Amino acid sequence: MARRKSVRKTKAGSNALNEIPITVRVNGVEYKNTVQPRLLLIHYLRDVLGLTGSHIGCDTSNCGACTVLMKDVWGGEWRAVKSCTFYAFQANGKEILTIEGLARDGELHPLQKAFWEHHGLQCGYCTPGMIMAALGLLLMNPNPTVEEIRKGISGNLCRCTGYINIIKAIDAAAKEMSAKGVKV
Amino acid sequence: MIPKSFEYFEPKTLSEVVGFLKKHKENAKVLAGGHSLIPMMKLRLAAPQYIINLEPLRKSLSYIKVGGKSIRIGALVRHAEIEHSQILKRELPILPAAAEWIGDMQVRNMGTIGGSVAHSDPASDWPVVMLSLNAVFTLYSGKKRKVPASKFFIGPFTTAIKPYEVLTEIEIPRLPKRHGWSWKKFERKAGDFATVNVATLILPKDGHIGSASIAVGSVHYRPYRVTEGERLLKGAKPDLELVERVAESAASMAEPTSDLRGSAEYKRHVTKVFVKRSLIEAIERANLNLR
Ligand SMILES: Cc1cc2nc3c(=O)[nH]c(=O)nc-3n(C[C@H](O)[C@H](O)[C@H](O)COP(=O)(O)OP(=O)(O)OC[C@H]3O[C@@H](n4cnc5c(N)ncnc54)[C@H](O)[C@@H]3O)c2cc1C
Ligand code: FES
Ligand code: FES
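Given the structure is predicted, the values throughout are model-derived calculations rather than measurements. (Residues numbered from 1 in each chain as written. Chains lettered and ligands numbered in written order. Predicted model: local features only at pLDDT ≥ 70, side-chain atom pairs only at ≥ 80, totals over all residues. Heavy atoms only, no water.)

**Some words on the overall build of chain B**
Check the secondary structure of chain B and you find 13 helices and 14 strands. For chain B, whose C-alpha radius of gyration is 19 Å, the value lies close to the compact-globule estimate of 19 Å for 291 residues. By principal-axis analysis of the C-alpha atoms, chain B measures approximately 60 × 45 × 30 Å. For chain B, long-range pairs separated by at least 24 residues make up 63% of all intrachain contacts whose partners lie at least 6 apart in sequence. Counting every atom, chain B has about 12,500 Å² of accessible surface; 52% of that belongs to carbon and sulfur. Side chains of chain B give 45 positive and 29 negative charges; the mean places of these two sets differ by 5 Å. (Helix = DSSP H or I, 4+ residues; strand = E, 2+ residues; numbered from the N terminus. Rg over C-alpha atoms; globule rule 2.2 N^0.38 Å. Contact = heavy atoms within 4.5 Å. Areas by Shrake-Rupley, 256 points an atom, 1.4 Å probe, with all protein chains shown as cover. Lys, Arg positive; Asp, Glu negative; His and termini not counted. Charge placed at Lys NZ, Arg CZ, Asp CG, Glu CD.)

Next comes the structure, spelled out in structure tokens:
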């Protein structure tokens, strides 16, 4: 990981860069770093910023453990994306929300509470990605049917729970969030 | 998995992209949604020396415009934007219906229609839909050139796009409001690429089939049109026997490979089954009687 401030142009003299300055807002905090082009967003979050809540499961875009929310992907709203399939430079100028940014003033987010209450986790490895995907889904569709919840989290794998309690938790959280008008 | 080191180019204009591509040819690759290119780079199946980020051009290359005789879609429009587009749900419902079954929510939030057709995985979804709709692709290299879908998809991961060209727009001829359509994607497990995928469009005419278009993917080295079947359908009053013949003709054109998703024989069988289901659905949606 390059941390030098200077930005080197490459030998080819083609205006291509070996190091890219980026500014990213994560959970409301602004970070400025210089990153290698090949640095993946998940590694930036975990290794550079120390935000290890987002996990690496498959590392092949399949399991969703690395899911975070990002603004300005399309349509202005927060969208769930897989940060293992994303270069850090693609996040330049964008806002990101990770699992660490959900609780407010020591109070768990309705989704976190619902996962706890409905036993929506066992080992917990998939949970951060599962919750961020669920939030991404609820922001697009605040009152999903059970079928829509199932489809919405089809990009997230859980090897422990068998999904039933995860679906119950998301359903319960959706109802609480609509009732209380909770957005993010 | 860590991709091989590469250098980064951030263009301000499309001309800068083309200039850079002309200089570095195959050594440079444009990055759209990254949902084919990044996995390939992580597996080191691709190791371009330069990556050109198209994101700075998002404003000018991301639009859905319906007007006159065509629907025009910018290359950087994401799958999810098509899935949730209200105007497309009314105008050309096969597009949102197909988008909905690409990968998963996160993949659809990033992947672009332009990236998908440029990548041209023989098991991907947009190429099949585009072929059924007679889409036309605009390629830019300082000047514009238009290539119809029938000449665009050349083979696995191979299209008419030259190394120094950028796909900028997809133009789809508008269909009359009352058309029948069907998108059938058969996947082995949720979010998978298709085992077989079929796009069918029917234009009804006085209780008959005026014309039909059927495209099939994933069971051949590139998506194909069921030309003989389309000819049989033209002007016909559809019945189940005709549907059966068209489906057989579609399956006989397939040259699938045996892999994790099934043997060649099995895939030819599901091709027939899914063309049949697709055709029946499109005929019903066209409000035609199926005898
Ligand atoms: C887990 C997973 C599941 C998936 N499931 C499906 C599925 O079910 N069906 C399906 O169809 N696809 C599926 N995909 C692929 C996905 O749709 C990709 O988004 C798409 O194939 C590529 O689009 P992109 O914008 O991500 O392109 P990128 O990955 O950025 O680029 C792909 C290629 O196209 C080139 N390119 C991109 N844009 C342009 C342009 N404008 N002009 C010229 N060249 C260009 C790039 O240089 C690169 O070679 C899946 C992907 C993943 C990771
Ligand atoms: S780590 Fe599995 S999808 Fe990203
Ligand atoms: S709780 Fe263990 S993987 Fe989901």
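**With respect to empty space enclosed by the protein**
Across all of its chains, the model carries 1 cavity of 30 Å³ or more by this definition. Its volume calculated, the largest cavity comes out at about 80 Å³. Lining the largest cavity are M70, V73, F86, Q90 and K94 of chain A together with A32, N53, E55, R78 and M110 of chain B. In terms of residue class, the lining of the largest cavity is made up of 5 nonpolar, 2 polar and 3 charged. (1 Å grid on protein atoms, 1.4 Å probe; cavity = no way out; pocket = protein on both sides within 12 Å on 5 of 7 lines; lining within 4 Å. Points joined across faces, edges and corners; volume = space filled by probe spheres on them. Nonpolar A, V, L, I, M, F, W, Y, C, P; charged D, E, K, R; others polar.)

**Some words on the side chain of E187 of chain B**
Residue and element names in this part refer to chain B. Tracing the backbone through its elements, the reader meets E187 in strand β11 (residues 180-187). Accessibility expressed as a relative area gives 19% for E187, which makes it buried. Looking at E187, its side chain comes within polar contact range of the side chain of K185, at 3.4 Å. Polar contacts involving the side chain of E187 include one to the main-chain amide nitrogen of G191, which spans 3.4 Å. Those residues within four positions of E187 in sequence are excluded, and the remaining contacts are W101, D192, F193 and T195. (Buried < 20%, exposed > 50% of the residue type's maximum accessible area, 1.4 Å probe, protein only. Polar contact = N/O pair within 3.5 Å; in protein donor to acceptor, adjacent residues only side chain to side chain.)

**Here's the deal with the packing of aromatic side chains**
Scanning all chains against the criterion turns up 10 aromatic pairs over all chains. Ring geometry for Y87 of chain A versus F89 of chain A: centroids 5.3 Å apart, planes at 15°, classification stacked. For the pair shown, Y87 of chain A and F89 of chain A are each scored as buried. Summarising the aromatic geometry, the rings of Y87 of chain A and F6 of chain B are spaced 5.2 Å apart at their centres and angled 65° between planes, so their arrangement reads as edge-to-face. With Y87 of chain A in the loop between β4 (79-82) and β5 (95-97) and F6 of chain B in the segment before β1 (7-9), this residue pair bridges two chains. Taking relative accessible area as the criterion, Y87 of chain A reaches 0% and is therefore assigned buried. Exposure remark for F6 of chain B: the relative accessible area of 4% places this residue in the buried category. An aromatic cluster is built from Y87 and F89 of chain A together with F6 and Y8 of chain B, whose rings are joined through pairwise contacts. The ring of W74 of chain A carries R79 of chain A above its face, with NZ or CZ at 3.5 Å from the centroid. (Phe/Tyr/Trp six-rings, centres within 6.5 Å; stacked < 30°, edge-to-face > 60°. Lys NZ or Arg CZ within 6 Å of the ring centre and 35° of its normal.)

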